[in-house]
Each structure stands twice: as C-alpha cells, then as structure tokens.
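Listed below are the residues making up each chain.
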Amino acid sequence: MTNPTAAHRPALIDAIQSHNAGRDGERLAMKYAKMAQNAFLFLRGTCHLFYDALPDTPLFREAPLAWCCGDLHFENLGTYKGDNRLVYFDINDYDEAALAPSSWDMIRLLTSIQCGTDALNATRAEALAASQSCLDAYRSALAIGKPLWVERETSSGLVNVLLTALQKRDRAAFLDKRTVCKGQTRTLKLDGIRALPAFEPQKKMIAEFMTRYAATQKNPEFYRLLDVGRRIAGTGSLGVERFVVLIEGKGSPDGNYLLDIKEAKPSAMAPHLARLGIKQPAWSSEASRVVTIQKRMQAVDHAFLEAVTLAGLACILKELQPSEDRVAIGSWGKKLDRLRDVVATMGRNLAWDQLRASGRSGSASADELIAFAQRGDWAAQMMDTATQMTLTTEQQWKTFAGWLSTRQSV
C-alpha cells in the first residue's frame, strides 16, 4: 500500500532528505530546525538545491573558470588565525570547493545578502543596495588584478572592530567559553549548544587517532588528548561526523588548544560541473580537495589545517574556528554605509582569492579574470539573477517549513 504521506510529499523534501541521509540524527534535527527559521538559514543548509536551480545561461556556463568556495554566503566570511599566529579576515569554509565558473561564488554571495534581510537587520531595498556595492567592489578588485588580503592594519569599519577585538583576546577567556576548568584540568562544555557528548566508540576512535597523529609531530605532548565532544556548528554540515577535541597544547589549564575535525563530503557542485564537462583534479580524498583549494585561495594558511583519515573517513583537521569570530553584520547600526562597507570587503576578498589561485590546475589565468571583470556586460544580469534566486529560495523555504511543521505536529 502506498504511504499517503510519501505520496504527497514535495520532491523538494525528497531531495533534502536524500542529501542528508546517514547523518547523525540528533544534529540533523538541529539542522532542520535551523533551516525552518528563515530563508537565509535555509539557503545555508541547502547548497545542493541552489545549484539545482541556478539558470543555465552563458554567465553561469561560460564564465572563466576559477577555484571557488562553492558555499559562499556572508556568514562564510570571518576571521581565522593563520599558521603565523596572526589574524585575517577571509572566506573560512571550503567544504563545497571546486573548480567552477567564476560567477558561481558571486551569485551565491549576492543571493545570501538578499535572503538575509532579517540577519542583516536590513530592508529589501537596503539589501539590494548592499548587493550592488558587493558586486562593484568584486569587479573593481578583479579588474585591478592584484591579490591582497585583510588584516587589522588594512581593514576598516566593522571588520576592523572585529579584528582589533580578537587581537586582544585572552586564550584563557576563550577557553572559558567552551570548557569547564577545575584546578589544572579543563573539560569540554557539552551543553547541547556548541557540543554534545561523544559516544564511547567515538571517544576510542579519536583517542587512537590522536595518538597516531601526535607521533608524527615534532612535539607529541602538545597533542595529548584531554577531552572530545560532537561539535555543533554551521548549518550545511550539521549532522556529518564532526568533533571538537581539547588537547594539552602549551600546558594546562590556560595553554590548551581546541581542534576541529570534520568529515569531508563530496561538493554539492560536483554533479553540475560534471554535466558541464568541467573536469576536476584526481583528488586523493574529499578532504584533500577541501584543504588544497583552501590553501590556494587564502593568503595565509589556516592554523593546523590538514587532510587526515579518521577510521577510514576523509576529514579536515584545523584549529577550531569559533562561530562568533564573524563580523557582527547585523549590528551595523542602521547605517547603510556601514553595511555597504562590510559587504564590499567581502566582494574584494572573493576577487583576491580567485586571483591568488588563478592559473592553477585548469583555472583561468589572472589576465582572463581581469578581462572578464573589465567587460562588465554581465553585472546587471548577475543582480537580476540574484533576485530571482532569492525568490526561489524563499519559496523553497516556505515549502520546507510547512512540511516540517506538519511532520512535527503528527
């Protein structure tokens, strides 16, 4: 007998459930709850649907190829500590990264600005104006052709406020937010907000991995395991295997470090790139893809960034990137010039990252990217398409939220 619920379930729901099959049920429920809140969070959690809906036009089919983040939205740009221990502002999540038309990252970033009016504390008109500033800054930086980077001394506005605050942040205060300190010993706060308890097999798996990993490092004691939990972070990746690991670092209790170990899944762009005949390198693993592209695009490598294997799973290891280390873009004080300044910085970041990785493994040369920016005949279409994608995302969100509400009421 046919299941009446399944028979009347929108194809959209089937696509979402198929994409998220096999994930940790506890954190997947958190993901679905976040996605139902608003169109922006839905956009963050459904990168695969975004590329399913992207128009098949020359702008998105024939733009010069570039190394792309793949999941670019305004909360995917923030600070990170480099391996030189200095703090930078840049794209900081590359889970979906791949070689793709250079227009794909920008259309997703612009759509996020227009979908994110609630998070931005902005009106629709203000979001449109900010989108234009972001696109203009991207084109200008790409046309100049010189890849730069953003650090405290070269930043402005709310980005400078964030970088200045982080420069002064005390490690003990940072650890206090995520751990409980008793005497000389810290343990993770497993509060259901940032982390959940790890299951015993997971604890054993991490312990064995850290022992092997430490043995390959110059200072094995630095990596001595103190505690582990299932990490809660992001939206799109919620439910994949992900751990926060507390290690000895430079000494207990206040010299401890936190590591983030996350399973790498195939890029949501992959089937669409294959359809277009855009060949990808023969990566040794999905984690190798993510780490290699991130290192190509960022000016300075993220601290501890490495592709590792965890009980047969391809994973990305790096120093934990706390979620609050994003610019407080929703606190822009209702002054449009501040919002425009922030998103313009993001547009320039994208241009610089594409230029930095240009000419590598099939990507267009810097000259080709410069010529693309100087043409400018595609800018109006980019803005129009971002508006269309916003309307599509909003409709998908309403369908999903309605389905989730019905399911929870049964």
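Please read all numbers here as calculations on a predicted model, not as lab measurements.

(A) Up close: the packing of aromatic side chains. Per the stated rule, a full pass over the model turns up 17 aromatic pairs. Pairing Tyr223 with Phe304 gives two aromatic rings, centres 6.2 Å apart and planes at 80°, and the pair type is edge-to-face. With Tyr223 in the loop between α12 (200–215) and β9 (225–231) and Phe304 in the loop between α14 (286–297) and β12 (306–310), this pair connects stretches of sequence that are 81 residues apart. On the accessibility criterion, Tyr223 (9% relative accessible area) is buried. Sitting above the plane of the Phe50 ring, Arg108 keeps its charged end 4.9 Å from the centroid. Across the ring face of Trp378, the terminal group of Arg139 is positioned such that the distance to the ring centre comes to 5.9 Å.

(B) Quick peek at the nonpolar core. Formed by 79 residues in total, the largest nonpolar core has its most connected members in Met106, Leu135, Met346 and Met382. The element contributing the most residues to this core is helix α15 (residues 336–356), with 8 residues. Apart from the residues within four sequence positions on either side, Leu135 is in contact with Met106, Leu110, Trp378, Ala379, Met382 and Met383.

(C) Region of the structure containing the packing of helix α9 (residues 124–144) against α15. Interhelical geometry of α9 versus α15 gives an angle of 35° and a closest axis separation of 7 Å. As α9 packs across α15, the resulting crossing turns out to be right-handed. Residues Glu126, Ala129, Ala130, Ser133, Cys134, Ala137, Tyr138, Ala141 and Leu142 of α9 form the contact with α15, whose participating residues are Leu336, Leu339, Arg340, Val343, Ala344, Gly347, Arg348, Leu350, Ala351, Trp352, Gln354 and Leu355. Residue composition of the contact of α9 with α15, grouped by class: 15 nonpolar, 3 polar and 3 charged.

(D) A look at the sheet that holds strand β11 (residues 257–263). Spatially, the 6 strands line up as an open sheet ordered β8-β9-β10-β11-β13-β12, and their pairing is antiparallel. The outermost strands of the open sheet, each flanked by one partner alone, are β8 (195–197) and β12. Looking at each pair of strands side by side, their axes are set apart by 40° on average, direction ignored. On top of the sheet, α14 reaches β12 and β13 (313–319); it is set at about 30° to β13, its chief contact.

(E) Up close: empty space enclosed by the protein. If you walk through the whole model with that rule in mind, you get 2 cavities of 30 Å³ or more. For the largest cavity, the calculated volume is near 60 Å³. Lining the largest cavity, in full, are Asn92, Asp93, Tyr94, Asp95, Asp260, Lys262, Val290, Gln294, Ile316 and Lys318. For the lining of the largest cavity, the secondary structure elements donating two or more residues are β11, α14 and β13. When the residues that make up the lining of the largest cavity are grouped by side-chain class, the tally is 3 nonpolar, 2 polar and 5 charged. Of the voids in this model, the second largest cavity is the one considered here, and its volume is about 40 Å³. Leu43, Thr46, Leu49, Phe50, Ala53, Met389, Thr392, Thr393 and Gln396 are the residues that line the second largest cavity. Going through the elements one at a time, α5 (47–53) and α17 (379–409) are the ones with two or more residues in the lining of the second largest cavity. By residue number, the principal contributor to the lining of the second largest cavity is α17, which donates 4 residues. In the lining of the second largest cavity, the residues fall into 5 nonpolar, 4 polar and no charged.

Rules of the game
Residues numbered from 1 in each chain as written. Predicted model: local features only at pLDDT ≥ 70, side-chain atom pairs only at ≥ 80, totals over all residues. Heavy atoms only, no water. Phe/Tyr/Trp six-rings, centres within 6.5 Å; stacked < 30°, edge-to-face > 60°. Helix = DSSP H or I, 4+ residues; strand = E, 2+ residues; numbered from the N terminus. Buried < 20%, exposed > 50% of the residue type's maximum accessible area, 1.4 Å probe, protein only. Lys NZ or Arg CZ within 6 Å of the ring centre and 35° of its normal. Core = buried A, V, L, I, M, F, W, Y, C linked by side-chain atoms within 4.5 Å. Contact = heavy atoms within 4.5 Å. Axes fitted to C-alpha atoms, helices over the stretch in contact; angles between N-to-C directions. Left-handed = near helix turned anticlockwise from the far one by under 90°. Nonpolar A, V, L, I, M, F, W, Y, C, P; charged D, E, K, R; others polar. Pairing = 2+ DSSP bridges. 1 Å grid on protein atoms, 1.4 Å probe; cavity = no way out; pocket = protein on both sides within 12 Å on 5 of 7 lines; lining within 4 Å. Points joined across faces, edges and corners; volume = space filled by probe spheres on them.

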